[in-house]
Amino acid sequence: MKKKRKTWTKRRHAFVFAFLRPVMRLYCKLRYRYTAKRSGLPKGAYLIIANHQMTMDPFLLSLSFRFPVYFIASDDIFNLKISPLIRYLVAPIPKSKSLQDVTAVKNIFRIVKEGGAVGIFPEGNRTLSGGQWEMTDAIAKLAKSLKVPLVLYNIQGGYGTDPRWGHSVRKGKAKGSVRKVLSAEEMSAMSVGELFDTIKENLLVDDTLSGIRFRSKKRAEYIERALYLCPVCNGVSGIVSQKYRFKCKYCDTASTYTEKLALTPPPPATGFDRIFEWYEWERKQIVKNVLDGMTVSDDNILFRESVKCKKKKKLSGNSVSIDKENLMIGGAVFPLKDVTALTMVGKKKFNFYYGGKILQVKGNKRFCAIKYVHIFDGLKELTRGTEGEN
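First things first, this report covers the structure right here in the doc. Predicted model, so just to flag it, every value in this text is computed and none were measured.

## A closer look at the nonpolar core
Among the nonpolar cores identified, the biggest contains 51 residues, and V320, L327, F350, F352, V361, I370 and Y372 are the most heavily contacted of them. Listing elements by their share of this core, those giving two or more residues are β9 (245-248), α9 (275-291), β15 (319-322), β16 (326-329), β18 (339-345), β19 (349-354), β20 (357-362) and α10 (370-389). Dropping the residues within four chain positions of it, Y372 is found in contact with V296, S297, D298, V320, S321, I322, L327, L342, F350 and F367. Among the nonpolar cores identified, the runner-up in size contains 29 residues, and Y70, I120, I139 and M187 belong to it.

The structure is reproduced here in structure tokens:
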């Protein structure tokens, strides 16, 4: 007798989503003042992609659909104590951040073949600045190859309500809806570049232009998780925040973060009146500083090895630093040329991939992980450019 092949999609997933939908709809309305417009799409195979603003984005997106959505999930989800229960109830698709994952792609094709809908946030990371995180045309290639409808979904107001760098929810408004649906035939007639441009255009959301007020007496607190380089004195890790204001401890340059997500006054001679303008400047400037000999460092960190579906293993080392050649943790040296990828996780952690292992640095509550990502990515980009010239 032929053994029946196991499927990824299960009837219980539909029951779980049907049960959770009204509960989550009420919770998100009360917690985030979030409303989701129903898509009206019938059950079937889809690739659903969206911008990434909040931790709760998979739940927020799911409220617009009457069928289960199987989401790509990062390694950290599978290190939780309740990971087996999560896998049983909603069956997320595991994938390592910032790495190509052939198994994840195979599972996406498997789910679509079974008539299921797959949800992906192609930016790969929640926005830290309110701007669009960088993505690659791999998402366009995947969409064309799946040969199922592509659903482009927008979440608006999520960054203003619950910014990734923040520590508290603001009182504002957020909403989610389908922005565009492309058929397999429409995508077939487009080049990868044309489709990728369409994806980026339809996923772009700027909450600073919404005109909505996001109220909180602590709205600037922990902004140093995103802004780490002073544009006036070029000091690193000198930003200090309290309530709705923040300043550089080295030169006393100060700003207020307003309810409309603006910076006032902008830092002198910069014109930066929005976080993502400052963020894009520091992303490039920090690489120049490191190339000029700067070493960036932090103390009081926790160093661990992350193994899928197992508890993280603590490693020795309570300080981290990076220069133009090495990442150093405690007494261990990791040459950047041998680090496969480095990516931010959550609010105050980063993972890096070295020697086939997933290693994690977790800082204190005001730790800025993104500066290490910016340095690593910037140096890698320069290396690729140099190799291309040769």
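## Here's the deal with the packing of helix α4 (residues 102-113) against helix α5 (residues 138-146)
Where α4 meets α5, the closest approach of the two axes is 11 Å, and the angle between their N-to-C directions is 35°. Where α4 crosses over α5, the handedness of that crossing is right-handed. In this structure, α4 uses V105, I108, F109 and V112 to contact α5, whose residues at the interface are L142, S145 and L146.

## Remarks on the packing of helix α1 (residues 11-32) against helix α3 (residues 83-90)
The description of two helices packed together rests on the angle between their axes and the distance between the axes. Relative to each other, α1 and α3 sit at 100°, their axes nearing to 7 Å. Taken together, the axis directions place α1 and α3 in an arrangement best described as roughly perpendicular. Between α1 and α3, the residues in contact are R12, H13, V16 and F17 and Y88, L89 and V90, respectively. Partitioning the contact of α1 with α3 into residue classes produces 5 nonpolar, 1 polar and 1 charged.

## Notes on α4
Over its 12 residues, α4 extends 17 Å from the first C-alpha to the last, a length consistent with the 16 Å expected when each residue adds 1.5 Å. When α4 is considered as a whole, its buried residues turn out to be A104, N107, I108, I111 and V112. The buried side chains of α4 occupy one side of the element, clustering within an arc of 135° when seen end-on. For α4, the exposed residues lying more than 90 degrees away from the buried face are V102, T103, K106 and K113. Along its buried surface, α4 packs onto β2 (46-50), β3 (69-73), β4 (93-94), β5 (117-120) and α5. Once α4 finishes, G115 follows within two positions and takes phi at roughly 90°, a positive value.

## Quick word on α9
Taking 1.5 Å of rise per residue, the 17 residues of α9 would be expected to cover 24 Å, and the 25 Å separating its terminal C-alpha atoms lies within 8% of that figure. All buried positions along α9 are accounted for by I275, F276, W278, Y279, E282, Q285, I286, V287, N289 and V290. Two residues or fewer past α9, G293 is found with a positive phi of approximately 115°.

## Let's talk about the sheet that holds strand β11 (residues 263-264)
The strand order across the open sheet built from 4 strands is β8-β9-β10-β11, with neighbouring strands paired in antiparallel fashion. Each edge of the open sheet carries a strand with a single partner, namely β8 (239-242) and β11. Pairing geometry for β8 and β9, over 4 bridges, is antiparallel. Among the inter-strand pairings, S241 is bridged to a residue of β9, identified as F246.

## Focus: the state of the cysteines
Using the criterion set out here, one finds 0 disulfides in the structure. Of the cysteine sulfurs around C248, a residue in no disulfide, the closest is that of C233, at 3.7 Å. What makes C248 buried here is its relative accessible area of 1%. Free cysteine: C251, not disulfide-bonded; nearest cysteine sulfur from C230 at 3.6 Å.

## Digging into the pattern of salt bridges
A complete count under the given rule lists 12 salt bridges for this structure. Put simply, E114 and R110 hold a salt bridge, and the shortest N to O gap is 3.6 Å. Judged by its relative accessible area of 24%, E114 is partly exposed. What makes R110 partly exposed here is its relative accessible area of 24%. Residue E134 is joined to R283 by a salt bridge in which the shortest nitrogen-to-oxygen separation is 2.9 Å. Of this pair, E134 sits in the loop between β5 and α5 while R283 sits in helix α9, and the two are 149 residues apart along the sequence.

## What to know about the packing of aromatic side chains
With the rule as written, the count across this model stands at 15 aromatic pairs. Geometrically, the ring pair formed by F246 and W278 is tilted, given 5.8 Å between the ring centres and 50° between the ring planes. Of this pair, F246 sits in strand β9 while W278 sits in helix α9, and the two are 32 residues apart along the sequence. You can call F246 buried: its relative accessible area is 3%. Aromatic rings pair up to connect F303, F334, F350, F352, Y354, F367 and Y372 into one cluster. The ring of Y222 has R366 lying over it, and the distance from NZ or CZ to the ring centre is 4.1 Å.

Cut-offs used in this document
Residues numbered from 1 in each chain as written. Predicted model: local features only at pLDDT ≥ 70, side-chain atom pairs only at ≥ 80, totals over all residues. Heavy atoms only, no water. Core = buried A, V, L, I, M, F, W, Y, C linked by side-chain atoms within 4.5 Å. Buried < 20%, exposed > 50% of the residue type's maximum accessible area, 1.4 Å probe, protein only. Helix = DSSP H or I, 4+ residues; strand = E, 2+ residues; numbered from the N terminus. Contact = heavy atoms within 4.5 Å. Axes fitted to C-alpha atoms, helices over the stretch in contact; angles between N-to-C directions. Left-handed = near helix turned anticlockwise from the far one by under 90°. Parallel < 35°, antiparallel > 145°, perpendicular 65-115°, else oblique. Nonpolar A, V, L, I, M, F, W, Y, C, P; charged D, E, K, R; others polar. Expected span 1.5 Å × (residues − 1). Arc of directions from axis to C-beta. Pairing = 2+ DSSP bridges. Disulfide = S-S within 2.5 Å. Salt bridge = Lys/Arg side-chain N within 4 Å of Asp/Glu carboxyl O. Phe/Tyr/Trp six-rings, centres within 6.5 Å; stacked < 30°, edge-to-face > 60°. Lys NZ or Arg CZ within 6 Å of the ring centre and 35° of its normal.

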